[in-house]
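This is what each chain is made of:
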Amino acid sequence: MPAPFVFAVGLTHDSVADAPFGLMALVYLFVLGAARSQRFLVVGQPFVAGWAVFTVVACAASALAWLGASLYYGAALSVGAPLAVLLLTVLTFPAVAGALAVLDSAALKRSA
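Residues numbered from 1 in each chain as written. Predicted model: local features only at pLDDT ≥ 70, side-chain atom pairs only at ≥ 80, totals over all residues. Heavy atoms only, no water.

**Concerning the packing of helix α4 (residues 47–73) against helix α5 (residues 80–111)**
Phase 1 of the analysis: Where α4 meets α5, the closest approach of the two axes is 10 Å, and the angle between their N-to-C directions is 155°. With respect to α5, the axis of α4 lies roughly antiparallel. Between α4 and α5 lies a crossing whose hand is right-handed. Of the residues in α5, those touching α4 at Phe47, Gly50, Trp51, Phe54, Thr55, Ala58, Cys59, Ser62 and Trp66 are Pro82, Leu86, Thr89, Val90, Phe93, Pro94 and Ala97.
Phase 2 of the analysis: Of the residues in the contact of α4 with α5, the class split is twelve nonpolar, four polar and no charged. (Axes fitted to C-alpha atoms, helices over the stretch in contact; angles between N-to-C directions. Helix = DSSP H or I, 4+ residues; strand = E, 2+ residues; numbered from the N terminus. Parallel < 35°, antiparallel > 145°, perpendicular 65-115°, else oblique. Left-handed = near helix turned anticlockwise from the far one by under 90°. Contact = heavy atoms within 4.5 Å. Nonpolar A, V, L, I, M, F, W, Y, C, P; charged D, E, K, R; others polar.)

**Points about the nonpolar core**
Phase 1 of the analysis: Among the nonpolar cores identified, the biggest contains six residues, and these are Leu23, Met24, Val27, Ala61, Ala65 and Ala69.
Phase 2 of the analysis: Looking at this core, the elements that each hand over two or more residues are α2 (23–37) and α4.
Phase 3 of the analysis: Those residues in contact with leucine 23 that sit more than four places away from it in its chain are Asp14, Ala65, Gly68 and Ala69. (Core = buried A, V, L, I, M, F, W, Y, C linked by side-chain atoms within 4.5 Å. Buried < 20%, exposed > 50% of the residue type's maximum accessible area, 1.4 Å probe, protein only.)

**Some thoughts on the packing of aromatic side chains**
Phase 1 of the analysis: As enumerated under the stated definition, the model contains four aromatic pairs in all.
Phase 2 of the analysis: Seen from their ring centres, phenylalanine 54 and phenylalanine 93 are 4.4 Å apart, and the 25° between their planes marks the pair as stacked. Taken as a pair, phenylalanine 54 in helix α4 and phenylalanine 93 in helix α5 lie far apart in primary sequence, 39 residues in all.
Phase 3 of the analysis: For phenylalanine 93, a relative accessible area of 19% gives the class buried.
Phase 4 of the analysis: Ring pairs connect the aromatic residues Phe47, Trp51, Phe54 and Phe93, which therefore count as one cluster. (Phe/Tyr/Trp six-rings, centres within 6.5 Å; stacked < 30°, edge-to-face > 60°.)

**Quick word on the side chain of serine 62**
Phase 1 of the analysis: Residue placement: serine 62 occurs in helix α4.
Phase 2 of the analysis: Residue classification places serine 62 among the buried positions, given a relative accessible area of 17%.
Phase 3 of the analysis: For serine 62, the residues in contact, after removing those within four places along its chain, are Pro82 and Leu86.

**Overview of unusual backbone geometry**
Phase 1 of the analysis: Positioned with a positive phi, aspartate 18 is a non-glycine residue whose angle comes to about 55°.
Phase 2 of the analysis: As for its placement among the helices and strands, aspartate 18 is situated in the loop between α1 (3–17) and α2.
Phase 3 of the analysis: By relative accessible area, aspartate 18 is classed as exposed at 65%.

**So, the environment of histidine 13**
Phase 1 of the analysis: By secondary structure assignment, the location of histidine 13 is in helix α1.
Phase 2 of the analysis: Taking the C-alpha atoms as reference, histidine 13 lies 22 Å from arginine 36; in sequence the two are 23 residues apart.
Phase 3 of the analysis: Discounting chain neighbours no more than four positions away, the residues touching histidine 13 are Met24 and Tyr28.

**Focus: the packing of α2 against α4**
Phase 1 of the analysis: Following both chains from N to C, one finds α2 and α4 inclined at 155°, their axes separated by 10 Å at the closest point. With respect to α4, the axis of α2 lies roughly antiparallel. Like other packed secondary-structure pairs, α2 and α4 cross with a definite hand, here right-handed. Across the interface between the two elements, Leu23, Met24, Val27, Phe30, Val31 and Ala34 from α2 touch Val57, Ala60, Ala61, Leu64, Ala65, Gly68 and Ala69 from α4.

Just geometry here; none of it tells us what the structure is for.
Structure representation (structure tokens):
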């Protein structure tokens, strides 16, 4: 994905979620950079390796978002909601990745 698109998605997230404007845009750009630089760790590896790398990046992104929001509001925010979102994100990864793999396989079959 191009970085300007990722940035726009982050700004949209901020405006819908009433978050500090630009925070999630920066977090999403961090994730994009991490995904691009660490792609070699996942390509051709077992599913569990990809899930582990995803979990590490998701934890870092969640911590970055929490830290940015805490700095913006001038107080340490509760970690309950971000941890719940992180847990839900990590646990739903296999289902989402599986569905996307099926769609990718179907698209490849159609183009062949």
